[in-house]
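Spelled out from the first residue to the last, the chains are:
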Amino acid sequence: TFALPAAPNGLALSADGTLLYVTCGGADGRVCAIRTTDGALVQEWPAGHTPTAPALSPDGLTLYACSQFNDQ
């Protein structure tokens, strides 16, 4: 289990398996990067209202997430 700022609703795993990107829903949605080896929250970004469906670009350098209620 990992501590998150809100309920998770989407996951994307880095190609090497070391980072798990989690979208957390709600009006003040977030995307969290969790280190899989120890569960540490290593980074967090604002992501609009109820972000979901995170996806990494093929090169692993860009993370995309839908912010369904902001039409982004």
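The structure we're discussing is the one just above.
Thresholds, definitions, all that
Residues numbered from 1 in each chain as written. Predicted model: local features only at pLDDT ≥ 70, side-chain atom pairs only at ≥ 80, totals over all residues. Heavy atoms only, no water. Salt bridge = Lys/Arg side-chain N within 4 Å of Asp/Glu carboxyl O. Helix = DSSP H or I, 4+ residues; strand = E, 2+ residues; numbered from the N terminus. Buried < 20%, exposed > 50% of the residue type's maximum accessible area, 1.4 Å probe, protein only. Pairing = 2+ DSSP bridges. Core = buried A, V, L, I, M, F, W, Y, C linked by side-chain atoms within 4.5 Å. Contact = heavy atoms within 4.5 Å.

## Focus: the pattern of salt bridges
- Summed over all chains, the structure comprises two salt bridges.
- Close ionic contact of Arg30 with Glu44 constitutes a salt bridge, the shortest N to O distance being 3.0 Å. Of this pair, Arg30 sits in strand β3 (residues 30-35) while Glu44 sits in strand β4 (residues 41-46), and the two are 14 residues apart along the sequence.
- The shortest N-O distance in the salt bridge between Asp38 and Arg35 comes to 3.0 Å.
- The exposure class assigned to Arg35 is partly exposed, which follows from its relative accessible area of 34%.

## Focus: the pairing of strand β1 (residues 8-13)
- Note that β1 and strand β2 (residues 19-24) share five bridges and pair antiparallel. Note that in β2 the partner of Ala12 across the bridge is Tyr21.
- Here β1 hands over to β2 after five residues, with Gly17 in that stretch at a positive phi of 75°.

## Some thoughts on the environment of Cys66
- Checked against the element boundaries, Cys66 lands in strand β6 (residues 63-67).
- According to the relative accessible area criterion, Cys66 is partly exposed, its value standing at 39%.
- Between the C-alpha atoms of Cys66 and Thr36, which are 30 residues apart in sequence, the distance is 23 Å.

## Side note on the nonpolar core
- Within the largest apolar cluster, five residues are counted, these being Leu20, Val22, Cys24, Cys32 and Ile34.
- Elements that contribute at least two residues to this core include exactly β2 and β3.
- Of all the elements, β2 adds the most residues to this core, at three residues.
- With sequence-adjacent residues up to four places away left out, Cys32 is seen in contact with Leu4, Pro5, Leu20, Tyr21, Val22, Cys24, Leu41, Gln43 and Glu44.

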